[in-house]
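Observations on chain architecture
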Amino acid sequence: QVQLVESGGGLVRPGGSAELSCQASGMIFVIGNMAWYRQTPGKQRERVVLISKGGNINYEDSVKDRFNASGDIVRGTLNLKMNNLKLEDTAVYYCNASGHYGYWGQGTQVTVSS
């Protein structure tokens, strides 16, 4: 089993910044990739960024050059710095880890509003 605990989120003004953090615990050694996803009501959950154990980082086009991910798969840590936030960034953000199974955090709300 892998447990993911997220922190961060909240209300942010347009153009503002926020930071999310995720810490994995349990059988961390099974994790191959970690990622941030986001979801709004009625929409498919979409991947924001993926970090592979090999060190590759892949961003969704809509957040590239605005969001910066960092982490250490071996330690089970994943962070996301979000800059120049837009209204359309409003979503529940979920930490994800893949290994024997897919593991999910509980999600944290990010609301971008004036």
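Just so we're clear, the structure is a prediction, and the values are computed from it rather than from any experiment.

Counting secondary structure elements, the protein contains zero helices and 11 strands. Taken from the N to the C terminus, the helices and strands of the protein come in the order β-β-β-β-β-β-β-β-β-β-β. The globule rule puts the C-alpha radius of gyration for 114 residues at 13 Å, and the 13 Å found for the protein is close to it. Taken along its principal axes, the extent of the C-alpha atoms in the protein is 40 × 25 × 20 Å. A buried classification covers 41% of the 114 residues belonging to the protein. In the protein, the share of contacts with a sequence separation of at least 24, taken over all contacts with a separation of at least 6, comes to 53%. Total accessible area on the protein is roughly 6,100 Å²; 48% of this is exposed by carbon and sulfur atoms. Across the protein, the centroid of the 11 positively charged side chains sits 2 Å from that of the 9 negatively charged ones.

Right, let's talk about unusual backbone geometry for a bit. Of note, D65 is a non-glycine position whose phi angle comes to about 75 degrees, a positive value. Positionally, D65 belongs in the loop between strand 6 (57-59) and strand 7 (67-72). Phi at N84 takes a positive value of approximately 50 degrees, unusual for a residue other than glycine. Following the sequence through the fold, N84 ends up in the loop between strand 8 (77-82) and strand 9 (91-98).

Criteria and thresholds
- Residues numbered from 1 in each chain as written.
- Predicted model: local features only at pLDDT ≥ 70, side-chain atom pairs only at ≥ 80, totals over all residues.
- Heavy atoms only, no water.
- Helix = DSSP H or I, 4+ residues; strand = E, 2+ residues; numbered from the N terminus.
- Rg over C-alpha atoms; globule rule 2.2 N^0.38 Å.
- Buried < 20%, exposed > 50% of the residue type's maximum accessible area, 1.4 Å probe, protein only.
- Contact = heavy atoms within 4.5 Å.
- Areas by Shrake-Rupley, 256 points an atom, 1.4 Å probe, with all protein chains shown as cover.
- Lys, Arg positive; Asp, Glu negative; His and termini not counted.
- Charge placed at Lys NZ, Arg CZ, Asp CG, Glu CD.

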